[in-house]
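Reading the structure
One letter stands for each residue in the lines below.
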Amino acid sequence: MSALSRLHDKVALVSGAASGIGLATARRLTEEGACVVLADLDAETGASRAEELGTDRAHFAELDVTDPGSWAAVVHRSLDRFGQLDGLVNCAGVGGGGSLCETSEEDWRRVMSVNLDGVFFGMRAALPALLERETSSVVNISSIAGLVGFKGSAAYAASKWGVHGLTKTAALELGEHGVRVNSVHPGSIATPLTAGLTRGIGQIPAGRVGAPEEIAHLVVHLVSDESRFTNGASIAVDGGETAGNSLRGLL
Ligand code: NAP
């Protein structure tokens, strides 16, 4: 890998990397020269995806983001394999739950546990290694449901707003130590997570859903030193869906 590659000296850990946005991110990171630990619950798929990306710079580790012990083991394994950690991408996530009145306590806890606890545990586990580097980066994958209300997805929206707030707070606390923390807020992206959903394309100025790679491009920028003055940002990648309402254009 050429020393001119954008990420030739970087090592990143990506949760939820067996599928969708996490997988696209792991792929783009390796294409730009990084070494990547793909971490996911789904060990069989994750291991074969890591193999496809090349065992010299991609490594799979089984991870349950809801378990702090599992995070500690994966960070340890990442350091064993690649010797350093410059980037953490918290991408694992689940949907479901329903509206405020429909959401069971069990669903509420499940969604919060993966989407919000998982990010909290991940940052805490990776932080000692990230602080060892002169500059490092955490990218938390929230959602446009963490920027606006999301009718029919009470737990999901609450978890993604939680990620948004945790990101801003961590950015304030860690910035002076060289660790940048930013959140990315995807709109409607075609992945297994959204495969069964009916989409409101009419609300998207771009007139289409996005591809996982369109999120991955931004994550590469945020992991790289190109973004060294970007900290505490919340960036929507949504084809314009949350830019505002366009009703006035219809009058
Ligand atoms: P995806 O294709 O379903 O990928 C999510 C991955 O996370 C899956 O491999 C899943 O494994 C894994 N995962 C679930 N629970 C886990 C746990 N406890 N520990 C470790 N890994 C776990 O979904 P995606 O669409 O790429 O979503 C990625 C992230 O983007 C999520 O945080 C999601 O909320 C966010 N997002 C997606 C969209 C969209 O339109 N797709 C929009 C906004 C935000 P299993 O398959 O085994 O469960």
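Scroll up for the structure.
Now for a description of the structure that goes with this document.

Criteria and cut-off values
Residues numbered from 1 in each chain as written. Predicted model: local features only at pLDDT ≥ 70, side-chain atom pairs only at ≥ 80, totals over all residues. Heavy atoms only, no water. Helix = DSSP H or I, 4+ residues; strand = E, 2+ residues; numbered from the N terminus. Buried < 20%, exposed > 50% of the residue type's maximum accessible area, 1.4 Å probe, protein only. Contact = heavy atoms within 4.5 Å. Near = heavy atom within 4 Å. Polar contact = N/O pair within 3.5 Å; in protein donor to acceptor, adjacent residues only side chain to side chain. Nonpolar A, V, L, I, M, F, W, Y, C, P; charged D, E, K, R; others polar. 1 Å grid on protein atoms, 1.4 Å probe; cavity = no way out; pocket = protein on both sides within 12 Å on 5 of 7 lines; lining within 4 Å. Points joined across faces, edges and corners; volume = space filled by probe spheres on them. Core = buried A, V, L, I, M, F, W, Y, C linked by side-chain atoms within 4.5 Å. Pairing = 2+ DSSP bridges. Axes fitted to C-alpha atoms, helices over the stretch in contact; angles between N-to-C directions. Salt bridge = Lys/Arg side-chain N within 4 Å of Asp/Glu carboxyl O.

Here Ala-61 shows up in strand E3 (residues 58–62). Ala-61 sits in the buried class, given a relative accessible area of 1%. Spatially, the C-alpha atoms of Ala-61 and Gly-165 are 28 Å apart, while their sequence positions differ by 104 residues. In this structure Ala-61 touches Val-37, Leu-38, Ala-39, Asp-40, Val-74 and Arg-77, once residues within four positions along its chain are discounted.

As a further point, take the site of the ligand. Lining the immediate surroundings of the ligand are 28 residues, of which Ser-19, Ile-21, Asp-40, Tyr-156 and Thr-191 lie closest. At a separation of 3.0 Å, a nitrogen atom of the ligand approaches a polar backbone atom of Val-65. Between the ligand and the protein, one listed contact pairs an oxygen atom with a backbone N or O atom of Ile-189 at 2.8 Å. For the shell around the ligand, the residue count by class is 14 nonpolar, ten polar and four charged.

Another aspect to go through is empty space enclosed by the protein. As enumerated under the stated definition, the model contains one cavity of 30 Å³ or more in all. Space inside the largest cavity adds up to approximately 30 Å³. In terms of lining residues, the largest cavity is bounded by Ser-15, Val-65, Trp-71, Asn-90, Cys-91, Ala-92, Val-114, Gly-118 and Val-119. The element best represented in the lining of the largest cavity is helix H4 (residues 105–131), accounting for three residues. Residues that form the lining of the largest cavity fall into these classes: six nonpolar, three polar and no charged.

Remark: the empty space left among the atoms is shown by a probe the size of a water molecule rolled over them. Size it by volume and the second largest pocket reaches roughly 170 Å³. Around the second largest pocket, the lining residues are Phe-120, Met-123, Arg-124, Leu-127, Val-138, Leu-166, Ala-170, Glu-173 and Leu-174. Listed by contribution, the elements that provide at least two residues to the lining of the second largest pocket are H4 and helix H5 (154–174). Class assignment for the residues of the lining of the second largest pocket results in seven nonpolar, no polar and two charged.

Let us look at the nonpolar core. Of all hydrophobic cores here, the largest spans 30 residues; its most connected members are Leu-13, Leu-85, Leu-88, Met-123, Leu-130, Val-138 and Val-181. Per element, the largest residue contribution to this core is eight residues, and it comes from H4. Core analysis: the next-biggest nonpolar cluster, separate from the first, contains 27 residues, Ala-12, Val-89, Cys-91 and Leu-222 among them.

What follows deals with the sheet that holds strand E1 (residues 11–15). Strand order in this open sheet of seven strands is E3-E2-E1-E4-E5-E6-E7, and the pairing throughout is parallel. Both edges of this open sheet fall to E3 and strand E7 (234–237), since each of them pairs with a single strand only. Neighbour to neighbour, the strand axes of the sheet diverge by 20 degrees on average, direction disregarded. Packing of helix H1 (residues 20–31) onto the sheet brings it into contact with E1, strand E2 (35–40), E3, strand E4 (87–90) and strand E6 (179–186), and relative to E2 it is tilted by some 165 degrees.

Our focus in this paragraph is the pattern of salt bridges. Here the structure, examined in full by the defined rule, presents nine salt bridges. Where Arg-6 meets Glu-32, a salt bridge forms, and the shortest distance between an N and an O atom there is 3.4 Å. Residue Arg-6 is located in the segment before E1, and its partner Glu-32 is located in the loop between H1 and E2; the two are separated by 26 residues in the primary sequence. In this structure Arg-6 comes out as partly exposed when scored by relative accessible area, which is 33%. Across the pair Asp-107 and Arg-110 runs a salt bridge whose closest N-O atoms are separated by 3.5 Å. Of the two residues, Asp-107 and Arg-110 are both situated in helix H4; the distance of three residues between them amounts to about one turn of the helix. Classification of Asp-107 as partly exposed rests on a relative accessible area of 25%. The exposure class assigned to Arg-110 is partly exposed, which follows from its relative accessible area of 37%.

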